[in-house]
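# Observations on chain architecture
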Amino acid sequence: LSKVMTSHNVIVTENEIEDAIHKEQLDLLDRMELPEGTAKNGALCENVFVILVCILNKIPVFVVGKPGCSKSLSMQLIRRNLRGRDSFNVFFKTLPQLYVVSHQGSESSTSEGIIKVFEKAKKYKEHNEGGVLPVVLLDEIG
């Protein structure tokens, strides 16, 4: 990105870009209602930011990592805070409410079961056009 900006005679260093993104990540977390004692560590900042940006832009995302690296917590926070007009924060009130359709993966999961989850989200979208955004969450798939 720094090279692209430089080619347009805008001088921005890689560190400045990294700092700007990190400030945005922290700003999102600062706007959220967090459980007491939640550490705003790097993994949580990155996961919340990426998941939220992907959801709002309807871009599929796979969040992969070892246990304890804030994958589930990130989604819980987004789910808890993106409630459309019922959101606690003024900024989040401007965003759609999420309708999360979850599928808990296991050894007995089938492709048919996963397809049903997507169909449920699609049906919800067809029957509820207003400010609600259906999101499919596939947990422990792998």
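No experiment lies behind these values; they were computed from the predicted model shown.

### A word on the pairing of strand 2 (residues 132–139)
Summarising the sheet, strand 1 (residues 97–104) and strand 2 pair through eight bridges and their orientation is parallel. Counted as the bridge partner of Y99 is P134 from strand 2. Of the crossover connections in this fold, the one passing from strand 1 over helix 6 (residues 111–127) to the parallel strand 2 is right-handed.

### Regarding unusual backbone geometry
Phi is positive for N9, close to 60°, though the residue is something other than glycine. Structurally, the position occupied by N9 is in the loop between helix 1 (2–7) and helix 2 (14–31).

### Some remarks on the side chain of N89
Structurally, the position occupied by N89 is in the loop between helix 4 (71–81) and helix 5 (90–93). Looking at N89, the relative accessible area reads 15%, which means it is buried. Of the polar contacts made by the side chain of N89, one reaches the backbone nitrogen of F91; its length is 2.7 Å.

### Structural notes on the packing of aromatic side chains
Under the counting rule described, the total for this entry stands at two aromatic pairs. Taken together, a centroid distance of 5.6 Å and an interplanar angle of 50° make the contact between F91 and F92 tilted. Accessibility expressed as a relative area gives 32% for F91, which makes it partly exposed. Each ring, one from Y99 and one from Y124, has its centre 3.7 Å from the other, and the planes form 10°; the classification is stacked. With Y99 in strand 1 and Y124 in helix 6, this pair connects stretches of sequence that are 25 residues apart. Taking the relative accessible area as the measure of exposure, Y99 reaches 25% and is therefore partly exposed.

Cut-offs and rules
- Residues numbered from 1 in each chain as written.
- Predicted model: local features only at pLDDT ≥ 70, side-chain atom pairs only at ≥ 80, totals over all residues.
- Heavy atoms only, no water.
- Pairing = 2+ DSSP bridges.
- Helix = DSSP H or I, 4+ residues; strand = E, 2+ residues; numbered from the N terminus.
- Right-handed = clockwise from strand over helix to strand, strands pointing away.
- Buried < 20%, exposed > 50% of the residue type's maximum accessible area, 1.4 Å probe, protein only.
- Polar contact = N/O pair within 3.5 Å; in protein donor to acceptor, adjacent residues only side chain to side chain.
- Phe/Tyr/Trp six-rings, centres within 6.5 Å; stacked < 30°, edge-to-face > 60°.

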